[in-house]
Every structure is written in structure tokens, then in C-alpha cells.
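One-letter residues, chain by chain:
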Amino acid sequence: MTQTPLIADSLPRAVTWQDGNLYLLDQTRLPQETLIEKQETVEQVFEAIRMLKVRGAPAIGVAGAYGLCVALRDKTALPTDAFMAELEKHAAYLDSARPTAVNLSWALQRMRQRAEAALTSGEAETAVRLYDILVREAVSIHEEDKGLCRGMGENGAPLITEGMGILTHCNAGSLATSELGTATAPLYVAHSRGVSFRVYADETRPLLQGARLTAWELQQAGIDVTLITDNMAAHMMAEGLVDMVIVGTDRVAANGDVANKIGTLGVAILARHFGIPFYVACPSSTIDMAMESGKGIPIEERDAAEVTRFGARPTAPDGIQVRNPAFDVTPHDLVTGLITEKGIITAPYDRTLKTLFGGKDD
Ligand code: MRU
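Where an unreviewed UniProt entry is consulted, the protein appears under the name Methylthioribose-1-phosphate isomerase, with the organism given as Sneathiella chinensis. Listed under Function (unreviewed entry) in UniProt, the entry text for the protein is "Catalyzes the interconversion of methylthioribose-1-phosphate (MTR-1-P) into methylthioribulose-1-phosphate (MTRu-1-P)."

> Sorry if this is basic, but what is going on with the overall build of the protein here?
Across its full length, the protein carries 11 helices and 16 strands. Over its C-alpha atoms the protein spans a radius of gyration of 20 Å, differing by no more than 12% from the 21 Å that the globule rule assigns to 362 residues. By the burial criterion, 55% of the 362 residues in the protein qualify as buried. Taking contacts inside the protein between residues at least 6 apart in sequence as the whole, the part at least 24 apart equals 76%. If you sum the accessible surface of the protein, you get close to 15000 Å²; carbon and sulfur atoms cover 52% of it.

> Looking at this model, I keep getting lost on the UniProt feature "active site" (unreviewed entry) in the protein. Mind explaining?
UniProt's entry tags Asp 250 with the feature "active site" (unreviewed entry), counted in the numbering of this structure. With respect to the helices and strands, the residue Asp 250 is situated in the loop between strand 7 (244–247) and strand 8 (251–253). Overall, the relative accessible area of 8% leaves Asp 250 in the buried class. Beyond its immediate sequence surroundings of up to four residues, Asp 250 is in contact with Ala 57, Thr 100, Ala 101, Val 102, Asn 103, Ala 259, Asn 260, Lys 261, Thr 286 and Phe 327.

> What is the right way to read the domain arrangement of the protein from this model?
Interface size is commonly expressed as the accessible surface area that is lost when the partners come together. Each assigned domain of the protein is listed with its residue range as follows: domain 1 (7–151) and domain 2 (153–357). Taken over C-alpha atoms, the centre of domain 1 sits 25 Å from the centre of domain 2. Taken together, the contact pairs 33 residues of domain 1 with 41 residues of domain 2. When domain 1 packs against domain 2, close to 3200 Å² is buried across both sides, 57% of that on carbon and sulfur atoms. For domain 1, the biggest contributors to the area lost against domain 2 are Arg 55, Thr 100 and Cys 149; these three give 19% of the whole. Residue Glu 179 pairs with Arg 150 through a salt bridge whose shortest N-O separation is 2.9 Å. Connecting domain 1 to domain 2 are 24 residue pairs in polar contact (both at pLDDT 80 or more). At the level of secondary structure, the elements contributing two or more residues to the side of domain 1 that touches domain 2 comprise helix 2 (57–72), helix 4 (102–121) and helix 5 (127–156). The leading source of residues in the side of domain 1 that touches domain 2 is helix 5, at 7 residues. Here the residues of the side of domain 1 that touches domain 2 are counted per class, giving 20 nonpolar, 7 polar and 6 charged.

> It is not clear to me how the packing of helix 5 against helix 6 (residues 185–192) should be interpreted in this structure. Could you clarify?
Each pair of packed helices gets described by two things: the angle between the helix axes and the distance between those axes. Two numbers describe how helix 5 lies on helix 6: the axes approach to 7 Å, and their chain directions differ by 60 degrees. Crossing handedness for the pair helix 5 and helix 6: right-handed. Of helix 6, the residues touching helix 5 (which contributes Cys 149, Met 152, Gly 153, Glu 154 and Gly 156) are Ala 185, Pro 186 and Val 189. Residue classes in the contact of helix 5 with helix 6 are distributed as 5 nonpolar, 2 polar and 1 charged.

> Looking at this model, I keep getting lost on the site of the ligand. Mind explaining?
In the neighbourhood of the ligand, 19 residues make up the surrounding shell, with Arg 55, Ala 57, Arg 98, Asn 260 and Lys 261 lying closest. Side-chain polar atom of Asn 260 to an oxygen atom of the ligand: 2.6 Å apart, as the coordinates give it. Contact with the protein chains hides 100% of the accessible area of the ligand, taken as 410 Å² for the molecule alone. Elements with a minimum of two residues in the shell around the ligand: helix 2 and strand 9 (258–261). Along the lines of polarity and charge, the residues of the shell around the ligand split into 7 nonpolar, 8 polar and 4 charged.

Cut-offs and rules
Residues numbered from 1 in each chain as written. Predicted model: local features only at pLDDT ≥ 70, side-chain atom pairs only at ≥ 80, totals over all residues. Heavy atoms only, no water. UniProt positions renumbered as here; feature names shortened; annotations may be inferred. Helix = DSSP H or I, 4+ residues; strand = E, 2+ residues; numbered from the N terminus. Rg over C-alpha atoms; globule rule 2.2 N^0.38 Å. Buried < 20%, exposed > 50% of the residue type's maximum accessible area, 1.4 Å probe, protein only. Contact = heavy atoms within 4.5 Å. Areas by Shrake-Rupley, 256 points an atom, 1.4 Å probe, with all protein chains shown as cover. Domains from an automatic or database assignment. Buried area = accessible area lost by both parts, 1.4 Å probe. Salt bridge = Lys/Arg side-chain N within 4 Å of Asp/Glu carboxyl O. Polar contact = N/O pair within 3.5 Å; in protein donor to acceptor, adjacent residues only side chain to side chain. Nonpolar A, V, L, I, M, F, W, Y, C, P; charged D, E, K, R; others polar. Axes fitted to C-alpha atoms, helices over the stretch in contact; angles between N-to-C directions. Left-handed = near helix turned anticlockwise from the far one by under 90°. Near = heavy atom within 4 Å.

What follows is the structure, given as C-alpha cells:
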């Protein structure tokens, strides 16, 4: 086996904070064009999240935290109570951009709590100081996410053995996080250790995150990746080509139910039928211990035009009724294990999640 260095530095960066400015890679243009947009206003950040220019649960949490800094950077002349009112207003606004991934509200709540603690303790007596503290908190959220990815990579990599076929759905990669991704982290770590395996990337209708993003990102990294349409997954499994499924998640409830990109539930049911292990890579920032089960997870319903067109080309009759839920919930009994930064968790999830993440203060 040939070992290669972990290619962390050469992976695409979804979110960059530099010299007090926020830059987002516009993922709607990938893979044809690599366009990085400077975010001038909080409204621009909100739209970038809503339009999926930045997407993937951990990445929208990081973008939301920096987005709050963008909202507040010209408010530092205000008295602290007026500054805090602005913080509340803009945090609620950013939080409303997308409902399913808990990382967005988690990161914004963490920013709120940090500011409140700084005021209460006397650490910040001015809005200028509060703003500096908030920027540092956003940078910490960003940096910590890299560590979470590394942890999942280390814990998940031993599951990957020579010659395996691994199916993934949507993009839970570098583009969706701060570095190694969640579902892709074990792939990157195993690849760096010289393990040969093949990834099957579901294209992921309707917005093709698998085709446009996962296939691109893994190909760039030199990982053996084969693109399939979503309706080919069963066939690949029936052919014996898939030994394991690894997907990411937008929210894991306290009982282990998993919300992820629409189509994940179908993949989990197929995996169960064919006796294939179904793993979910999940950083602690995506676990919602306050959500009892998947039944309560809000599922984003997106614009019908995403379904009635293929790119710019109409593919359905005018006026057709359409449903476009962007996520589905996989019941915990279909999940073989949750790959977290603290280790791989197995059933009974209500107990194992509580033991490892019960003290999570969100
Ligand atoms: O609509 P998207 O592209 O934001 O959906 C992303 C997913 O469903 C990912 O699988 C999930 O956020 C995990 S990302 C590490």
C-alpha cells in the first residue's frame, strides 16, 4: 500500500474569513466555474444560504456565524444594548434561511450565548469589544469543525477495507464542511493510508449535489469515483458492487433518527434489503438532543422549478402539481452506526447518544 499525505490543504474551501471579510465559493456554479464571492451584506449571506451557494449542514453553520459578523460590523458605534438587539434581529433572520440542518441554529445560538456571557462577565463593555469576541467565536466554530471532520475521518477510516465499493448520496464532503467533510472524511483518511476502494456517487436529484460536487471533489482528490443516477443504486447493490453506504446528515434526533438529503431513506431501505451496512457520519454540531425523534424535524420544501426543470430546460408540463421536499428522515433502526468525532455509535441510540452527547449545551 502506498501512503499519501492527507490532502486537506488542496481540498476546496466553501467558506473563507479573511481580513474581516467573508468569502463564499458559489457551489451552484460548480463544477464548470470556481467563483468566490465576497459577501458585502447580511442579505447577500442569507440569499447565498437559501440559494445553496453555500450548503451542507456544517458549512451553513459556519457561514451563518460569519454572516452575523457581516451584519454587525457597522454597528460597533451603538451602545451595547442596541448592539445586542441588532444581534438578535439578524441571528433570527439568518436562522430562517433554511430549516432542516440544525447546525445553522446551533451556530447562531452559540454566537448569541457568547455575546451574552461576555456582557454578563464584564469581558465586553463596548460594542467594539463584543464584535471582536463574536468574530473570534465564529473563527472557533470554523476551526473546531475541521477537528470534527478529522475525528470522523479517524474513526470511520478503519471501516474501509481494500477493494470495497462504497455508496454515498448528496455531498457531505469538503464543500459541505470546513475541511475533510463528514461522509467523505473516512474516505480521505483511508485513501491517504493507501487503501484502494471505489465510491459510487448518487447524482442526487433534483439539484445534483452528488454529480456536481461529490464526483468533482473526489475526482480532484484522486479517489476512484463512479457517478450513478439515483435510480441505479438498487441495481449496483444487486450486482454486489456496494459493500457499505456512508452518508452525511443535517440533523440527528435524540433517538438516532437521521434527516438527510431527499433520497437517503430510499438508500437506507435498499441497504437493509441487500444486507449492506448503512453508516451516517455525524459531527456533534449536527446532533439535536432537544429533538425527541425524526417526526419533529422540519423538512424544507423548496421551489417547484427545481423539479420541473433540468438546469434551465423545462422537463414537465406547465402548471403541473409538484412536491419538492429537500430532505427525508431515515428511522434509526435502519442505521448501522453513527460515525462521530467521539467514536462510532450503535443502537440503542437513545442511550448511546445520551451517554456521549447528553451534556451538549444546545
Ligand atoms: O441541500 P444541501 O445540499 O444543503 O443538503 C446537504 C446534505 O443533505 C448533506 O448530506 C448534509 O448536509 C450533510 S453535510 C456534511
